[in-house]
Amino acid sequence: MLLAAAVILSGCTEQRLFAVRAVAAGVPSLAPFFEEDGSLGTDETKLRPEQAHSGLQQGNTPGLYGGTQKPKVCDVDRLKDFLTDPRNRQKAREWARIVGIKPDRIEGYIDDLTPVLLRHDTLVKNHDYKKGRAVAFDALLEAGIAVLVNDQGLPAVKCSCGNPLQSFDKDPEKISVKFEDGNKKWDGYEKSDVVTVKPAPEPLEQIALIDVDNPDQGINRPVGSTGENDEPFDATKQHAVPRVAGMTFDQASQRLSELGLAAAFSDGLPPGDAAVTGSDPGPGTELRFGEAVTLSVADDGEEPGTPPKSDPSDGPTTDDDPTSDDPTSDGPTTDGPTTDEPTTSGPTTDDPSSSDPATGDPDTGDPDTGDPETGSPTSGEPTTIEPTTAVPTTPTTSSTPPTVEPTSAEPTSAEPTPSEPVTSEPASSAPGSSGAPASGESAVGAA
């Protein structure tokens, strides 16, 4: 009886896995929106996946994406010409439907996208074009694939074929990756390093990239540009971790992003008004661009004024506290957290304006659906917590501060669809550490 029960439970576990189709760099799609002949864009096939801080990262995480100063790898003008050609009217309608805009806004929408290269194997909702309709499917894009990202750092278009992309909306720990149709398991693939990207809390004005041809150099790329206005910076420069205890999670994340550091956290994305009780490593610790700082926050049931339980923030410090003269590093006042202050995606970025982040609609299994939904903004509650202690925890991933209610990694609107048993192993989002990407040649557009 026990054996039979174990078999039944094992079968149920397999049925709960979500099938995800592997998409390797440089391998043409079977049913693309745009003929994948290299004229629209090319992938960087020699770029190995990097280890991730963890499986969940926001779109403005410093160093999340890569770039190159070589000629463009995404031909956005050609993509616009194709989608506005009267002969492709039906494709344009479906493309715009997935994106969530009207067909006559396609050109302006594409002009606001930015070409980048994936540095991590990344989960997305991809779309084929079959029999006049966009057909959604969950996909794992290999590092090195060129994509266009929107102003919240979300992959929006696969450059080489023009397929529209949306956010992955299922539990990344309950997936089974299928390597088929020529998409063989690539070198460097590790299920623990798969990344899901969530929208940045505020629209970005520029994106801080790692130069894939020179990992010691960073690139600040203005949103909506294709490389012509890139500004290189030294990615090896060390930045001191600021004192963040007493701030809200939004304030602390913003401060770290301004310094080119990633905010990491434990047990899911905290609310923006959560009281930060400390960091690991502590204030004064020197880190290079893109490295992560784990933020400890007060327990969910803890009142804002409750003293924290431990204080990992009392780490090494320096006389010139990096946040002592910065208004954004001050603790929250009785007027509430400062959620209207702009954030940046790199150490030298301009201040972006605030707006509501948008997310892709959940996959219902219907290939004819896919209109994205938008989240509703929320504001943080004031806190007067005094920093004393915090409990160091194992990092998950973050970026800059969110201004919307966090979403869970557990799927809420899509139930697993029974299907034929899958044979590949489920991927997970265990934390890793950032590495340096390998170099490669690009063919058509800038990333």
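Every chain begins its residue count from 1, and numbering advances along the sequence as written. Local features in this predicted model are restricted to residues whose pLDDT is 70 or higher, and side-chain atom pairs enter the listing and the counts only when it is 80 or higher, whereas totals over whole chains, interfaces and linings include all residues. Side-chain metrics rest on all non-hydrogen atoms present in the structure, leaving aside hydrogens and water.

## Some details on the overall build of the protein
Thinking step 1. Starting at the N terminus, helices and strands are each numbered in turn, a helix being any DSSP run of H or I of at least four residues and a strand any DSSP run of E of at least two. When helices and strands are tallied, the protein shows five helices and 22 strands.
Thinking step 2. Burial status follows relative accessibility: with a 1.4 Å probe on protein chains alone, a residue under 20% of its type maximum counts as buried, one over 50% as exposed, and anything between as partly exposed. Counting the 447 residues in the protein, one finds 55% classified as buried.
Thinking step 3. The long-range fraction of contacts in the protein, counting pairs at least 24 apart against all pairs at least 6 apart in sequence, stands at 80%.
Thinking step 4. Carbon and sulfur atoms make up 49% of the accessible area of the protein, which totals about 18800 Å². Only heavy atoms matter for contacts: two residues are in contact if any of them lie within 4.5 Å across the pair. Computed by Shrake-Rupley with a 1.4 Å probe, the accessible areas treat only the displayed protein chains as cover when residues are assessed.

## Focus: the environment of Thr277
Thinking step 1. Relative to the helices and strands, Thr277 is located in strand 17 (residues 276-280).
Thinking step 2. The class for Thr277 is buried, based on a relative accessible area of 3%.

## A closer look at the pattern of salt bridges
Thinking step 1. Here, a salt bridge means any Lys or Arg side-chain nitrogen found within 4 Å of an Asp or Glu carboxyl oxygen. Tallied over the entire structure, the rule returns 13 salt bridges.
Thinking step 2. We note a salt bridge from Glu36 to Lys158, for which the minimum N-O separation is 3.1 Å. One end of the pair, Glu36, is in the loop between strand 1 (18-23) and strand 2 (56-58); the other, Lys158, is in strand 8 (residues 155-158), and 122 residues separate them in sequence.
Thinking step 3. With its nearest N and O atoms 2.8 Å apart, the salt bridge here joins Asp138 to Lys170. With a gap of 32 residues between them, Asp138 in strand 6 (residues 133-141) and Lys170 in the loop between strand 9 (166-167) and strand 10 (175-178) connect regions that are remote in the sequence.

## Structural notes on the sheet that holds strand 3 (residues 65-67)
Thinking step 1. Ordered in space as 8-7-4-3-12-13-14, the seven strands form an open sheet in which the pairing is mixed. Each of the sheet's edge strands pairs with one partner strand only, and the pair in question is strand 8 and strand 14 (231-234). Neighbour-to-neighbour, the strand axes of the sheet open up by a mean angle of 50°, direction not taken into account.
Thinking step 2. Inspection of the sheet shows strand 3 paired to strand 12 (residues 206-211) by two bridges, in the parallel sense. Residue pairing for strand 12: Gly67 is matched across the bridge by Asp211. At least two bridges found by DSSP between two strands is the condition for calling them paired. Note on method: axes are straight lines fitted to C-alpha atoms, helices fitted across the in-contact stretch only, with angles between N-to-C directions ranging 0 to 180 degrees.

## Notes on the sheet that holds strand 17
Thinking step 1. With mixed pairing, the three strands of this open sheet are ordered in space as 16-19-17. Of all strands in the sheet, those with a lone pairing partner are strand 16 (262-264) and strand 17, marking the two edges. Adjacent strand axes in the sheet meet at a mean angle of 35°, parallel and antiparallel pairs treated alike.
Thinking step 2. As judged from the four bridges shared by strand 17 and strand 19 (residues 292-297), these two strands associate in the antiparallel manner. Looking at the pairing, Asp280 lines up with Thr294 of strand 19.
Thinking step 3. Sitting on the sheet, helix 5 (residues 249-258) touches strand 16, strand 17 and strand 19, and the angle it makes with strand 19 is about 170°.

## Comments concerning the packing of aromatic side chains
Thinking step 1. Two aromatic rings from Phe, Tyr or Trp, using only the six-membered ring of Trp, form a pair when their centres are within 6.5 Å; if the ring planes differ by under 30 degrees the pair is stacked, by over 60 it is edge-to-face, and anything between is tilted. Applying the stated criterion to the full structure yields seven aromatic pairs.
Thinking step 2. Ring geometry for Phe179 versus Tyr189: centroids 5.2 Å apart, planes at 75°, classification edge-to-face. In this pair, Phe179 sits in the loop between strand 10 and strand 11 (195-198) while Tyr189 sits in the loop between strand 10 and strand 11, placing the two residues ten residues apart along the sequence.
Thinking step 3. Accessibility expressed as a relative area gives 23% for Phe179, which makes it partly exposed.
Thinking step 4. The class for Tyr189 is buried, based on a relative accessible area of 13%.

## Re unusual backbone geometry
Thinking step 1. Cis geometry marks the peptide bond from Asp280 to Pro281, where omega comes out at 5°.
Thinking step 2. Within the secondary structure layout, Pro281 lies in the loop between strand 17 and strand 18 (286-288).
Thinking step 3. Within the chain, Lys131 stands out as a residue other than glycine whose phi angle is a positive 50°.
Thinking step 4. Relative to the assigned elements, Lys131 resides in the loop between strand 5 (122-130) and strand 6.
Thinking step 5. Lys131 gets classed as exposed once you look at its relative accessible area, which sits at 86%.
Thinking step 6. The phi torsion at Asp181 lies on the positive side, around 55°, for a residue other than glycine.
Thinking step 7. Positionally, Asp181 belongs in the loop between strand 10 and strand 11.
Thinking step 8. Judged by relative accessible area, which is 46%, Asp181 ranks as partly exposed.

## Things to note about helix 5
Thinking step 1. When you tally the buried positions in helix 5, you get ten out of ten residues, the bulk of the element.
Thinking step 2. All of the buried residues along helix 5 are Phe249, Asp250, Gln251, Ala252, Ser253, Gln254, Arg255, Leu256, Ser257 and Glu258.
Thinking step 3. In this structure, the buried side of helix 5 is in contact with strand 16, strand 17 and strand 19.
Thinking step 4. A positive backbone phi angle near 80° is found at Gly260, which sits one or two residues after helix 5.

## A closer look at the confidence of the model for the protein
Thinking step 1. pLDDT gives the predictor's per-residue confidence on a scale running from 0 to 100. Summarising the model, the protein shows a mean pLDDT of 74, and 63% of its residues fall at 70 or more.
Thinking step 2. Note on residues 301-346: pLDDT is under 50 here. Beyond four places in sequence and across chains, it has 134 contacts.
Thinking step 3. Predicted confidence for residues 348-445 stays below pLDDT 50, and this span has 331 contacts to residues more than four positions away or in other chains.

## Concerning the state of the cysteines
Thinking step 1. Any pair of cysteine sulfurs within 2.5 Å is marked as a disulfide. Inspection of the entire model under this criterion finds one disulfide.
Thinking step 2. The partner cysteine of Cys74 in its disulfide is Cys159, sulfur to sulfur 1.8 Å. Disulfide Cys74-Cys159: the torsion about the S-S bond is 90°, which places it as right-handed. Separated by 85 residues along the polypeptide, Cys74 in the loop between strand 3 and helix 2 (76-84) and Cys159 in the loop between strand 8 and strand 9 bring together distant segments of the chain.
Thinking step 3. Judged by relative accessible area, which is 1%, Cys74 ranks as buried.
Thinking step 4. Unpaired in terms of disulfides, Cys161 finds its nearest cysteine sulfur in Cys159, a separation of 9.0 Å.

## Focus: the side chain of Asp230
Thinking step 1. By the element assignment, Asp230 lies in the loop between strand 13 (217-222) and strand 14.
Thinking step 2. Only 2.7 Å separates the side chain of Asp230 from the side chain of Arg221, close enough to count as a polar contact. Here a polar contact is taken to be a pair of N or O atoms separated by no more than 3.5 Å, where protein atoms must pair a possible hydrogen donor with a possible acceptor and residues adjacent in sequence count only if both atoms sit in side chains.

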